[in-house]
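# Fold and contact review
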Amino acid sequence: MIDPPNPKASPSRSDAFDRLTFLGWSWGLVAIVVGLAASFLLFGYFVVYYRNADMDFMVIYSALAMNAGKPQHFLDHTAYLTILSVKSWFELLHGLGLLDAWSLPAMPPASDAAAFEAAMTHAVRAGRVLAFLIAVGSVLIFAALSRLILRDWRVALLATLAFALSGGIAVHSRILRSELIAACPVIFALMILVAIGRRAFLARPLGMAAAAALCVIGLENKVQAILMIGALPILILPFGGKESPSAAFWRGHTSWVAVLIAALAAVGAGWAAWPLIATGLDRSLLDAAQFHPLLLNRFGVYQIALLALIVVCMIAYAAIWRVSVAETLASIFAVAAGAAIALLALKVAYNTANVIAVVNPVEKMLIFADAGTSEAAKGSNLAAIFLLLLDGLGSVLARYTFVLHSSPRPTVFLIWLIIPGIVYAWRRGERQAALQALMLLLGAVGIDVLNVRRGLKAEYFIFTDPLVILAGAILLDSIGDLRFHKRAFPILAILLGVHIAVGQAEPIKYAFKRTGPQSTCEWNRYYMPLLPLPWCPAPPS
């Protein structure tokens, strides 16, 4: 049994939230950033430049090539925005006189090993600084959106701390990979939808447009974001409240003028983006890229199904939380416009391979899937697909126990508290919060089940860790009186300590590895054809 809170206890001594957030909101965020910086310097910036060659070298090579006027070379994920950001970052640093190795012609030849090592070290460290800045920016955005969602700023700060110390941020704050810029925009879209769904205001459809744009931005950087995008319309359904019904404007006749404007914006943005969509569905280009249609031997089937799901869920949300017909239609048009406008970002450094990957994300993912997954998908064998999903679920549940399958993922221990927390919240009458947390947790489980086909590497934690953290924060916000329980502070303090220890395991492991760079020779000729490496044998003449 859980002891009831003692109202006579001294708040300064018994309130676990106060004791853990004694620095306050602003200084608490400063402390989080300082801690991230210390970890980055100790176990990131000064680590030998070839330690995380996959994908540091691949991204940096593409940036160097693009600064030399060549097209993007690495297209696997697609890593489009990551590479563009590194390209622009290198240009900026070079313009400021801080980086000489900013393009392929500026790189010393492999024959001069010492000069090559110095140049590559500077380039990799510059890239790592950018990765750190993006990670810090993501943490601060998460913090700001948490304040909008959660009633208690102390819970928002604890959620931000958990996010900053999560395995995903620990990995992506010091290496150049595509997952961070793919996952965080979709997570931020979810948080925006939660925030604007709870309060009625005139410009709410614009928030919907921003959320849709963020989802497409995430997809443009890694096609794996489609898993989160597909879950988002369902996850958002329980997130409404007494203030969700439409504002007075959207219940009047003048609201239909706004609906017309939104429709025209959607048509205009769709017209501008249509050439990209048509290119993405061009059968000759898809056949040349060895894409195989997922359903009915036709491309575009599941994309249409996803669009239908989004519209159906928007209508269902409107019915549940009494959003007017006019605002619902305006929001549907705003979502279409926001997604189409974000798709135009592919024109900044146009590459057909990026376009067909973004328009056909699942087919792109299947190119890199294991043999069993590829065969099941190509054959549309429902029994085989079910068995794969069942196997994936077993693997994920084993990882969540930590005992049966250990992993450098501190949010596993948070899950141990969330599950009984959902039961407790439901039994005490906080059923909406319990349902919200359950939906987020099930969303994380489902995405992890699909990601397990690629090994559920530490790099993939960034896709689902925020969902788990938000589930825990929502529960803590709704049953906050538990903070007065005599065991609340030690439990939260232990969880914080575990978060730090487990979350830093991967960075520390990589910092102290002593393996050489020779493994890069397995792929350097394919991913870096114009940049030979000193330690790899020269290609045969």
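Residues numbered from 1 in each chain as written. Predicted model: local features only at pLDDT ≥ 70, side-chain atom pairs only at ≥ 80, totals over all residues. Heavy atoms only, no water.

## Focus on the overall build of the protein
- A count of helices and strands for the protein gives 25 helices and 0 strands.
- Over its C-alpha atoms the protein spans a radius of gyration of 24 Å, differing by no more than 12% from the 24 Å that the globule rule assigns to 541 residues.
- When its C-alpha atoms are laid out on the principal axes, the protein stretches across 80 × 55 × 55 Å.
- Look at the contacts in the protein between residues 6 or more apart in sequence, and 80% of them connect residues 24 or more apart.
- Surface accessibility of the protein: about 24,000 Å² in total, with carbon and sulfur atoms responsible for 69%.
- Seen as two clouds, the 40 positive and the 29 negative side-chain charges of the protein have centres 7 Å apart. (Helix = DSSP H or I, 4+ residues; strand = E, 2+ residues; numbered from the N terminus. Rg over C-alpha atoms; globule rule 2.2 N^0.38 Å. Contact = heavy atoms within 4.5 Å. Areas by Shrake-Rupley, 256 points an atom, 1.4 Å probe, with all protein chains shown as cover. Lys, Arg positive; Asp, Glu negative; His and termini not counted. Charge placed at Lys NZ, Arg CZ, Asp CG, Glu CD.)

## Focus: a nonpolar patch on the surface
- Side chains of Phe-22, Leu-23, Trp-27, Val-30 and Val-34 sit close together on the surface and give an oily, nonpolar patch of about 570 Å² of accessible area.
- Mapped onto the elements, Val-34 comes out in helix H3 (residues 24-45).
- Exposure remark for Val-34: the relative accessible area of 52% places this residue in the exposed category. (Patch = residues over 30% accessible without salt bridge, like charges linked within 9 Å, V, L, I, M, F, W, Y side chains within 5 Å. Salt bridge = Lys/Arg side-chain N within 4 Å of Asp/Glu carboxyl O. Buried < 20%, exposed > 50% of the residue type's maximum accessible area, 1.4 Å probe, protein only.)

## What about the environment of Leu-276?
- Looking at where Leu-276 falls in the secondary structure, it is placed in helix H12 (residues 255-280).
- On the accessibility criterion, Leu-276 (3% relative accessible area) is buried.

## Some thoughts on helix H20 (residues 411-427)
- Between the first and last C-alpha of H20 there are 24 Å, a value that for 17 residues agrees with the 24 Å anticipated at 1.5 Å per step.
- Taken together, the buried positions of H20 are occupied by Thr-411, Val-412, Phe-413, Leu-414, Ile-415, Ile-418, Gly-421, Ile-422 and Ala-425.
- Following H20 by one or two positions, Gly-429 adopts a phi angle in the positive range, close to 100°. (Expected span 1.5 Å × (residues − 1).)

## Remarks on the side chain of Ser-255
- Assignment of secondary structure puts Ser-255 in helix H12.
- Within the structure, the side chain of Ser-255 is placed 2.6 Å from the backbone oxygen of Gly-252, a separation counted as a polar contact.
- Apart from the residues within four sequence positions on either side, Ser-255 is in contact with Phe-249, Trp-250 and Ala-326. (Polar contact = N/O pair within 3.5 Å; in protein donor to acceptor, adjacent residues only side chain to side chain.)

## Here's the deal with the nonpolar core
- Within the largest apolar cluster, 160 residues are counted, with the highest numbers of intra-cluster contacts made by Phe-57, Phe-90, Met-120, Met-528 and Leu-531.
- Apart from the residues lying within four places of it in its own chain, the contact partners of Met-528 are Phe-57, Tyr-61, Met-120, Trp-523 and Leu-533.
- Counting 5 residues, the second-largest nonpolar core is a separate cluster that includes Trp-250, Val-259, Ala-262 and Ala-330. (Core = buried A, V, L, I, M, F, W, Y, C linked by side-chain atoms within 4.5 Å.)

## Observations concerning the pattern of salt bridges
- Scanning the entire structure with this criterion turns up 13 salt bridges.
- A salt bridge links Asp-18 to Arg-154; its shortest N-O distance comes to 2.7 Å. In this pair, Asp-18 sits in helix H2 (residues 16-20) while Arg-154 sits in helix H7 (residues 153-164), placing the two residues 136 residues apart along the sequence.
- A residue is classified by how much of its surface remains accessible, and Asp-18, at 32% relative accessible area, is partly exposed.
- By relative accessible area, Arg-154 is classed as buried at 10%.
- Here Asp-152 ties to Arg-154 by a salt bridge, and the two come within 2.8 Å at their closest N and O atoms. By the burial criterion, Asp-152 is buried, and Arg-154 matches it.

## Overview of the packing of H20 against helix H23 (residues 488-503)
- Contact pair H20 / H23: the axes reach a minimum separation of 9 Å and the direction vectors enclose 150°. With respect to their mutual orientation, H20 and H23 come out roughly antiparallel. Residues Thr-411, Phe-413, Leu-414 and Leu-417 of H20 lie in contact with H23, whose contacting residues are Ile-491, Leu-495, Val-498, His-499 and Val-502.
- Its residues placed into classes, the contact of H20 with H23 shows 7 nonpolar, 2 polar and no charged. (Axes fitted to C-alpha atoms, helices over the stretch in contact; angles between N-to-C directions. Parallel < 35°, antiparallel > 145°, perpendicular 65-115°, else oblique. Nonpolar A, V, L, I, M, F, W, Y, C, P; charged D, E, K, R; others polar.)

## Details of the state of the cysteines
- For the coordinates displayed, the defined rule picks out 1 disulfide.
- Put simply, Cys-521 and Cys-536 are joined by a disulfide, and their sulfur atoms are 2.0 Å apart. Judged by the sign of its S-S torsion, about -95°, the bond between Cys-521 and Cys-536 is left-handed. With Cys-521 in the loop between helix H24 (505-511) and helix H25 (524-527) and Cys-536 in the segment after H25, this pair connects stretches of sequence that are 15 residues apart.
- Look at Cys-521 and you get partly exposed, because its relative accessible area is 25%. (Disulfide = S-S within 2.5 Å.)

## Quick look at the packing of aromatic side chains
- All chains considered together, the criterion is met by 16 aromatic pairs.
- Plain terms: the ring middles of Tyr-526 and Tyr-527 are 4.8 Å apart, the flat faces sit at 90° to each other, and that makes the pair edge-to-face.
- You can call Tyr-526 exposed: its relative accessible area is 57%.
- One aromatic cluster in this structure is built from Phe-40, Tyr-45, Phe-46 and Phe-132.
- Of note, Arg-19 hangs over the ring of Phe-489, and the distance from its end group to the ring centre comes to 3.7 Å. (Phe/Tyr/Trp six-rings, centres within 6.5 Å; stacked < 30°, edge-to-face > 60°. Lys NZ or Arg CZ within 6 Å of the ring centre and 35° of its normal.)

Spatial relationships are all this shows, so hold off on functional conclusions.
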